[in-house]
Protein chains: 2
Amino acid sequence: MNAAPLANDTFLRACLRQPTDYTPLWLMRQAGRYLPEYKATRVKAGNSFMGLATNVEYATEVTLQPLDRFPLDAAILFSDILTVPDAMGLGLSFGAGEGPRFAHPLRDEAAVMALQVPDLDKLRYVFDAVTSIRKALMTTDAEGRPCGRVPLIGFSGSPWTLGCYMVEGAGSDDYRLVKTMMYARPDLMHRILDINAQAVTAYLNAQIDAGAQAVMVFDSWGGVLADGNFQRFSLDYTRRVVAGLKRERMDNGVKSRVPVIVFTKGGGPWLDEIAGIGADVVGLDWTVNLGAARRLACDRVALQGNIDPNVLFAPPEVVAAEAAAVLDSFGRPQRPDGTWDGHIFNLGHGISQHTPPEHVAALVEAVHTHSRTLRSR
Amino acid sequence: MNAAPLANDTFLRACLRQPTDYTPLWLMRQAGRYLPEYKATRVKAGNSFMGLATNVEYATEVTLQPLDRFPLDAAILFSDILTVPDAMGLGLSFGAGEGPRFAHPLRDEAAVMALQVPDLDKLRYVFDAVTSIRKALMTTDAEGRPCGRVPLIGFSGSPWTLGCYMVEGAGSDDYRLVKTMMYARPDLMHRILDINAQAVTAYLNAQIDAGAQAVMVFDSWGGVLADGNFQRFSLDYTRRVVAGLKRERMDNGVKSRVPVIVFTKGGGPWLDEIAGIGADVVGLDWTVNLGAARRLACDRVALQGNIDPNVLFAPPEVVAAEAAAVLDSFGRPQRPDGTWDGHIFNLGHGISQHTPPEHVAALVEAVHTHSRTLRSR
């Protein structure tokens, strides 16, 4: 049993492969530009992404917006994966209409040797946002006792994914600079990844201390690596992070388990290995057959995913049918022996800014309804 | 035995899983901007990609350039996958420093209903280039008899990959337009794919008639599809193409088999199904473990791939070591029972324009040398 004081702990139960009445869902990037209320808050913050992320009040406001609109089963901290390298002094900025950019990317040995685990005080705004969001999520249960509405997920980029941005200095089509360093100077790459692993571990533990009830590691660029290098340059460092995380927290004297989710975009070929690094949940993109993934990994982890976010551009009845197909692909979570496998419904990637919000409503409704039906069969 | 009149038929033999003295290699996009001589020819052609591709003399010249520099084991027609939709009237252009763009993308039902299999006469410049390249590849064998230096590979985009460009009108980050059509109006998408499959089949057969000794279907964007949709919207149509291809050709009275290669970028999760559509060879990107792929598929197909093209940015000794690692991952191609599995060495994606040519020389040398050693162990 999960003992977190929550009105709705379905998400945490699914992460821990405990019985649930329905399949919980949340959406990667659920607080985002497809919501008009998000855009309104962003205007207040000077139309700046980091203006939102660094302001505790605004970060709290946008985190709660999707929950007020849809009955989602988890909240996720509004922030960016690149806060950590920014705190390392790389100088993060978001140009208008552009992706993130670092003023001081790691391009030579001197820059790599000067890199250090950042002072966590520089990330205080993140931990303050976590605490503020937890407060804003407070409600009362049927007996009038205070409890949270849904759990709050904290997150970070993986050491490799942060390393990609830190060397490239921006997004990339071909990862030429970071892969050149990896192939030509693996010693420098390993130094960056070692520091990143230490920093990410400390960063996520501080989020847990501040109130995060689950944490997720986004290995967004693990899938660009060759077989063999994925294991050496991405997975080994994510494993170190997972091994260093606090897995329990106390809330009002109640101890609860903090599930760890690892998501490697394009990680399908390595699911068996990813499922073995000690995480509670593995996130999957839409290329993965959920039934096959369940057979391979569900004795070790719960699975999170994996509908194509582009499904949300189809009419609501198609959205509902595609959501049902994903749930059916996983199947009834109860096993014949009475134990449960874990499934958290999600997109296989962040939601598009062009998504019609009413299609999201259709998705949430379909997942909750169809997954209840599936359990009763 | 493959009976093509060739000085070097190692590539064709490997495709057909026949014994070879070493592992043959060629490189996707081997005639390209990383070669100064290519850039010089391109300047002569008005610095235009299509100016090169539509001029038989220039297309022949650039096709042979990499063979004159490196002892590669196959030539590949210099052309573009988008010649077919261009012939359908979609209006292909390449802006300066940009990717391809269609003036008339398929955005509504009327446009889709008006689409037709193109008159192959509009693609005459491609077939003429094939015939011209075959002539330019002629040499004489030890007894002074005419023969080709190496085989010539023809190619096309897959029905799905062409369909992506035809609906999006250009490259895409998220494939929102084509996936919206696929999810919301699958009938329209299937109509496009049906026409594309007919057109691609006729186009490749005409290349074979003109002299192509092997053909390759590039399913560059199959990997963006969800499991299930990949099978329905990409693989089923590639299967139709493969089923409609001429598999034998006559050269100077000698009959030879025309191997068919299918390459789905990001297709690793579906290797077992791709290996079952009737192709002779399956191309693999670098995320795939070649040893595992061999165990899964080598009773049905040869494998082509799969080094990360970014390896070529490392120093030559690293390039050599990484090439050896790929060959070792496939292993000795002879089986204990005396039969052979097939491996053609290649990159897992097109070569980068920033690649130093001398690193390509190191790669070719390492593949030829190490694969001979491997066979003798």
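(A) Representation of the relation of the copies chain B and chain A. Between chain B and chain A, the superposition needs a rotation of 180 degrees and an axial shift of 0.0 Å, giving an RMSD of 0.0 Å. Within this description, the copies of the chain are treated as partners about a two-fold rotation axis. Measuring from the rotation axis to each C-alpha of chain B, the shortest distance belongs to Pro-269 of chain B, at 3.1 Å. Most of the interface of chain B is mirrored in chain A: 100% of its interface residues are interface residues there too.

(B) Broad picture of the sheet that holds strand E13 (residues 343-344) of chain B. Residues and elements named next belong to chain B. Spatially, the 7 strands line up as an open sheet ordered E1-E6-E7-E10-E11-E12-E13, and their pairing is parallel. Strands at the two margins of the open sheet, each flanked by one partner only, are strand E1 (75-76) and E13. Where strand E11 (residues 281-283) and strand E12 (residues 302-304) come together, 3 bridges link them in parallel fashion. Its bridge partner being in E12, Gly-283 is matched across the sheet by Gln-304.

(C) Up close: the interface of chain B and chain A. Facing the 27 residues of chain B at the interface are 27 residues of chain A. When contributions to the side of chain B that touches chain A are tallied by element, the ones reaching two or more residues are helix H9 (176-184) and helix H14 (316-330) of chain B. Tallying contributions element by element places H9 of chain B first for the side of chain B that touches chain A, with 5 residues.

(D) Inspection of the pairing of strand E9 (residues 254-257) of chain B at higher detail. All names here are of chain B. As defined by bridge partners, strand E8 (residues 248-251) adjoins E9 across 4 bridges and the pair is classed as antiparallel. The partner of Arg-249 across the bridge, within E9, is Ser-256. Count of turn residues in the E8/E9 antiparallel hairpin: 2 residues, of which Asn-252 carries a positive phi of about 50 degrees.

(E) Representation of the packing of helix H5 (residues 83-90) of chain A against helix H8 (residues 159-168) of chain A within the structure. All names here are of chain A. It is at 10 Å that the axes of H5 and H8 come closest, and there the two elements cross at 45 degrees. Considering the angle they form, H5 stands oblique to H8. In terms of crossing hand, the pair formed by H5 and H8 is right-handed. Side by side, H5 and H8 meet where Val-84, Pro-85 and Leu-90 of the first sit next to Leu-162, Tyr-165 and Met-166 of the second.

(F) Structural view of the confidence of the model for chain A. Taken as a whole, chain A shows an average pLDDT of 95; of its residues, 99% reach a score of 70 or greater. Across the assembled chains, the prediction reports ipTM 0.93 with pTM 0.95.

(G) Structural context of the packing of helix H2 (residues 36-44) of chain A against helix H4 (residues 56-69) of chain A. All names here are of chain A. Where H2 meets H4, the axes come as close as 10 Å, and the angle between the chain directions of the two elements is 175 degrees. In terms of axis orientation, H2 runs roughly antiparallel to H4. Touching Glu-37, Tyr-38, Thr-41 and Lys-44 of H2 are Tyr-58, Glu-61, Val-62 and Gln-65, all from H4.

Cut-offs used in this document
- Residues numbered from 1 in each chain as written.
- Chains lettered and ligands numbered in written order.
- Predicted model: local features only at pLDDT ≥ 70, side-chain atom pairs only at ≥ 80, totals over all residues.
- Least-squares fit on C-alpha atoms with pLDDT ≥ 70 in both.
- Contact = placed C-beta atoms within 7 Å.
- Pairing = 2+ DSSP bridges.
- Helix = DSSP H or I, 4+ residues; strand = E, 2+ residues; numbered from the N terminus.
- Axes fitted to C-alpha atoms, helices over the stretch in contact; angles between N-to-C directions.
- Parallel < 35°, antiparallel > 145°, perpendicular 65-115°, else oblique.
- Left-handed = near helix turned anticlockwise from the far one by under 90°.
- pLDDT = per-residue confidence, 0-100.

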